Structure formats: structure tokens, C-alpha cells
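# Working through the structure, step by step
If you want the building blocks of each chain, they are given just below.
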Amino acid sequence: MAAAGRRDAPEPPDFGILKRLARDQLIYLLEQLPGRKDLFIEPDLMSPLDRIANVSILKQHEVDKLYKVEARPGLNTSDQLCFLVRPRIRTMRYIADIVNADKMSGRSRKYKIIFSPQKFYACEMVLEEEGVFGDVTCDEWSFYLLPLDEDIISMELPEFFRDYFLEGDHRWINSIARALQLLNSLYGPFGRAHGIGRCAKMSYELWRELEEESDGEGQGRRPEIGNVFLMDRDTDYVTALCSQVVYEGLVDDTFRIKCGSVDFGPDVTSSDKSIKVLLNAQDKVFSQIRNEHFSSVFGFLSQKSRNLQAQYDRRRGMDIQQMKNFVSQELKGLKQEHRLLSLHIGACESIMKKKTKQDFQEMIKAEHSLLEGFDIRESTSFIEEHITRQVSPTESLRLMCLLSSTENGGCVRGGAGSPSSGTGLTPLLPAGLVPKDYRSLKTQYLQSYGPEHLLTFHNLRRMGLLTEQAAGETLTAMESKVSKLVTDRAAGKITDAFNSLARKSNFRAISKKLGLIPRVDGEYDLKMPRDMAYVFSGAYIPLSCKIIEQVLERRGWLGLEEVVRLLNGNEFSVSDSAGEEDPAGEAQRVVLAVFLGGCTFSEIAALRFLGKERGLRFIFLTTAITSSARLLEATVEAKA
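From a predicted model like this one, the values you see are computed outputs, not experimental measurements.

Conventions adopted
Residues numbered from 1 in each chain as written. Predicted model: local features only at pLDDT ≥ 70, side-chain atom pairs only at ≥ 80, totals over all residues. Heavy atoms only, no water. Axes fitted to C-alpha atoms, helices over the stretch in contact; angles between N-to-C directions. Helix = DSSP H or I, 4+ residues; strand = E, 2+ residues; numbered from the N terminus. Parallel < 35°, antiparallel > 145°, perpendicular 65-115°, else oblique. Left-handed = near helix turned anticlockwise from the far one by under 90°. Contact = heavy atoms within 4.5 Å. Nonpolar A, V, L, I, M, F, W, Y, C, P; charged D, E, K, R; others polar. Core = buried A, V, L, I, M, F, W, Y, C linked by side-chain atoms within 4.5 Å. Buried < 20%, exposed > 50% of the residue type's maximum accessible area, 1.4 Å probe, protein only. Expected span 1.5 Å × (residues − 1). Arc of directions from axis to C-beta.

## Things to note about the packing of helix α4 (residues 89-105) against helix α5 (residues 121-129)
- Where α4 contacts α5, the axes come no closer than 9 Å and their chain directions differ by 30°. Looking at the two axes, α4 sits roughly parallel to α5. As for the relative orientation of α4 and α5, their crossing is right-handed in sense. Mapping the contact onto sequence places Ile89, Met92 and Arg93 in α4 and Ala122, Cys123, Val126 and Leu127 in α5.
- Looking at the contact of α4 with α5 residue by residue, the class counts come to 6 nonpolar, no polar and 1 charged.

In C-alpha cells, the structure reads:
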């Protein structure tokens, strides 16, 4: 519930125009290849394409047959082939194989490649190496933004997380900058821009360069979005690693929400077939429970069921005219609501069954202990048992990463005689696991799930998700010695250099500084939550959301210098006078939260709650919706 005296949050802008722009551009590109044509679509573009232009629209523009990119064209395929693809090397080789096979068989066709969201020079180089560059025409479908709901926009780039945070590949930064430029031109100009993280800073700087080149399109119009906040996923891995307990998060973890929709199987539908359900604000049942803690959902659905039955029962005392009105005006809506209600009840029951099998309560208890820094030995024993029982390789990895990310790493204020009184901080405590625990858990994991996971541990270490303390200790000692010899500013720069060599998790110190672990007398009321911690059963306020709250409150990073240092810097806060002409206007209460590397449904629920409390409207732009499973799957090297 919104706090007393607060204004209601503004309505979100209409993002339907983004779909129309993408559809119109795709139709234009298809029409540039006149006549009948077969369309080969990259598998991970199929769901986004279905949200933009369905099969009937494609058929209207002379698309004859649709194929997945893995398929090989048969003899009866069209003389014109169009490929709608991501800019990937392996896809270019696939297309080159088709073109060269046609050349060998003497068949003459036209080939068109449409890259989404942009083409890369490396793709053209591969086509040239394969000797087919002159046989194909290339175009770009600038499909950067897919509205999944009234307040969620996804770039549908799940590979961004691995490409940038593991491989160090910067190729998608241009796409992010162009997406921001498009939003700014349609819904801006944005009055204030805040951010933290290396990728966030690069994306912001490139976006500003693009704005200068385009002479600030959209300037002078009334803005609909006043603030933008960019954040790198590696600023807060802990939140992404925690088990989700809000309804939408649990549905995602259990059934995997894909492009805003979910496939409910026979165990949910109570029939022998699956049903695809679109999960958004149009679903009257889902919209009321999506942000609720799971413990509150059954009670709501039960009450909803009774209310529906009461509305049905009204028919008994009706005369003929009233019955006619009821059938024509209400019955269809009631039937639809009844169908959705039974689906969500089925989903809840299925979630309960699966979570009961997984010792979910024990797992949550272990996670809360890790977040609070208590009973670490007991939690480590739980993880070891989890590995030994071979419950799930991904879940075991998640718990190990959470243990590593929350373990020790931190710093405290130093007094005049402290070793690093030059910077005002005592040296950072070593982050990660003690070598003995790290090696023990790693050995148990490899013995339990197979030695092919060895490369996964290397990847997790590179990303700072699962580390041992030895390297951190060496760097911390060096930082301590250096800080005695140089000024505060220089020490900060040198510390940044060390941070780039081995990223440290300073979760414990940040948690203390920002008050991420609420102090509660008695039980935390999950039905009437008082802060964002409800999304993790009252145990933890998501770090990413707390940072956004604090920066918006302070209108910048002033007073958060120590937190910024612990988060390895790269923060920025810029005000644009053109977008801030009306500081009290509606637009200034609309915040575009940009998550680079993925955003979880728990973070979305937490910021929606904050928005209600503060009279703000948060719009979420993410490279993709993520979860602990997706995050870890991106780091896994072992192939089935």
C-alpha cells in the first residue's frame, strides 16, 4: 500500500509504438525481396518475432514457408531465401554452406540476410572467406526493444551476460546505446542520468555521442520519462543468486517464462495438453498476485474463487432481461477469469510439489544465514549435503556462489592509527572462500557431477562469482602498503586498477553500510510489507534496488562515496537542463531502470513496491530477464 500523503504513481508511457516501428521496418525489409520467399528464422528470434509480427502478417507479405535456421532447405523450397538471424559466426557458416551447396548443384537463387538487431563486421568477413559475400544481400532489422508488459521492455539478448561479463566482448554496447537513443527520442529527453558499472558508463557515453551526432532529436517535446538509471549485473550478483519467493519469480524458476509467456503443462492444466499463457497486466488474476510473496497467493486465489462463485450464483434470481444482460455483458469475462484462476491455482500446486521435493524451506534458511553472516558452518554443511545427494548441479553451484559472494569481503572505518588511515578505511578483508573450503567444495562437486565442470569453475572465478581468498589477500596487502605512500585520489585509482585484476565481493561491508538486512522485532509481516525486503521473506533488501532508491533520494552519489568504492566505482550522475525544465512534473516521477546483464522478477517486484511507496513509476529495460539458473547456465562449459 502506498504511504499516506503520497501521490499515486504516474501511468506508464504507451510502448505500443515500439512494436509498430519494429513491425513496419521488418515488413519494409521483406518487401525489398519481392515475390514468394521462404523465411529461415534463428530459434531464439522466433518468440520475439511472434510478439511483433505473427504468421498471418508474414504471409500477407509473400512469405511462403517458415523454417528454423538449423533446417536445410529441401528441393521444393522457394527460389528466394531470406534469413532472419542474430549476428553469429556459426550462423554465417550455415548460410554459406547453403549458398555453396546450391552453387555446386547449379541451382540459382536469391539470398537475403536480415541481421537483428545489427550486423557485425566479423559476419561479413566470414561470408567473404566462404566465397559467398557477393551472392547475398545484407540488411539490419533495428529491433532493439520488445515491450513484454506495460512497464517491462526487453532487448532479448540473453547472450549479452556471457559475452560481456565473461568474454569481455563489447560488441553489444552499441545496441544498448541505440536502444537508449530510441527511447530518448520517443519518450525523452531524460532529465537526469545515473549509473554504476563499467558497461553502464560506456553505454551512457556512447549514447551521448549518438545524441550529439543526431542533433538531439526529440528536444523540445514534453518528456514522459524523466530519469534513467543504468546498472551492471556484476554490481549485484547476490540478489540474482537468491531463491525467488514472489509469485512471478517462482513461476519463472519453475516453468521458465520466455518472452513474456509461459507453457503450463498437463500437471497445471489438469488435461493431457499444454497451454501457452501470456503473463502481463491484461491477466486480471496474475496482475494482482505477480508481486506478492508466495505465502499470500493461495489465500488471495481462494478468496477470488469465492467471489467468482458469488457472481455466478447471482443468475439464480434473475428475470429473462437481466439474464440476457448477464450473458451478453458479464459471462464471457467471468469465464475467462475462471479459466485463468484455475490455471494459476494449478501453477501454485505444481510449484508447491516441486519445492517440497527440493527441501525448499531448508534451502531458504541456509540462504538467509549466508546473507546475515550467521551459522556459516551449518550452511556449508547443507551445501555439501546438497552436492553429495546430487540434487541439481545448477542449484549446488548457485549455493556455492552465494556462499563465496557473501563471505567476509568487506571493510570498516579506520581510526587515526589504522594501517590505511590515509584513505580512512581499514584494508578490505579477503573476499571469497578460505582456500581449504574452496578446494573441498570444488573437489566434492567435480566428484559428484563430473570433471567436465572444471572449466565452469575457471569461468566463475574470472567473473568473481566463486573465488578463494588467497589472491584477494595479496592484493589487499599491496593496497594497504600503497595507500600509505600516496594521496587519497591516487590510492583510489590504484585500488581501481587492482579491482580490475581480481574483482572482489565486498557484500558484508556494503550490507552493513546500506542496511540491507532489516532489523525486525518479531515476525516480518509478508501480507503488509514495510520495505523491499519482503521479496526475500523479510531477510534481505536487494542491493541493486537499494542503490537505486538511495541515488534517487539523494539526486546523485553524494554521501555514498564509501559504497561506491566498495562497488569498484564507475559511477556517474548527470543532469540535463533541457529534460529538467519542470522538476515537479509527472515525467520526473517516471524512472527508466536499465539492467545490463539481466534483471530478475524479484528486483522488478521490489522496485514496483518502492514506486507505490514513493509515488514513482519504474520502467524496466533489461538485456534479458534473468534468474539464478540462467545466470549460471551462461557460465557452464560442460555440454550434455
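## Section: the nonpolar core
- Grouped together as the largest cluster of nonpolar side chains are 190 residues, with contacts concentrated most on Phe83, Trp141, Leu183, Tyr247, Tyr540 and Leu592.
- Here the element with the most residues in this core is helix α7 (residues 173-187); it accounts for 8 residues.
- Excluding residues within four positions of it along the chain, Tyr540 makes contact with Asp236, Val238, Thr239, Cys242, Leu371, Phe507, Leu516, Ile517, Pro518 and Ala533.

## Details of helix α18 (residues 435-449)
- Taking 1.5 Å as the rise per residue, α18 with 15 residues should run 21 Å; its terminal C-alpha atoms sit 21 Å apart, in good agreement.
- For α18, the complete set of buried residues consists of Asp437, Tyr438, Leu441, Tyr445, Leu446, Ser448 and Tyr449. Looking down the long axis of α18, one finds its buried residues gathered within 165° of arc, a one-sided arrangement. Among the exposed residues of α18, those oriented more than 90 degrees off its buried face are Lys436 and Gln447.
- Contacts made by the buried residues of α18 are with α16 (376-388), α17 (393-406) and α19 (454-463).
- Once α18 finishes, Gly450 follows within two positions and takes phi at roughly 115°, a positive value.

## Quick look at the packing of α18 against α19
- Their axes nearest at 10 Å, the elements α18 and α19 cross at an angle of 145°. The element α18 and its partner α19 pack so that their crossing is right-handed. On α19, the residues that touch Tyr438, Lys442, Tyr445 and Leu446 of α18 are Leu454, Phe457 and Arg461.
- The class makeup of the residues in the contact of α18 with α19 is 5 nonpolar, no polar and 2 charged.

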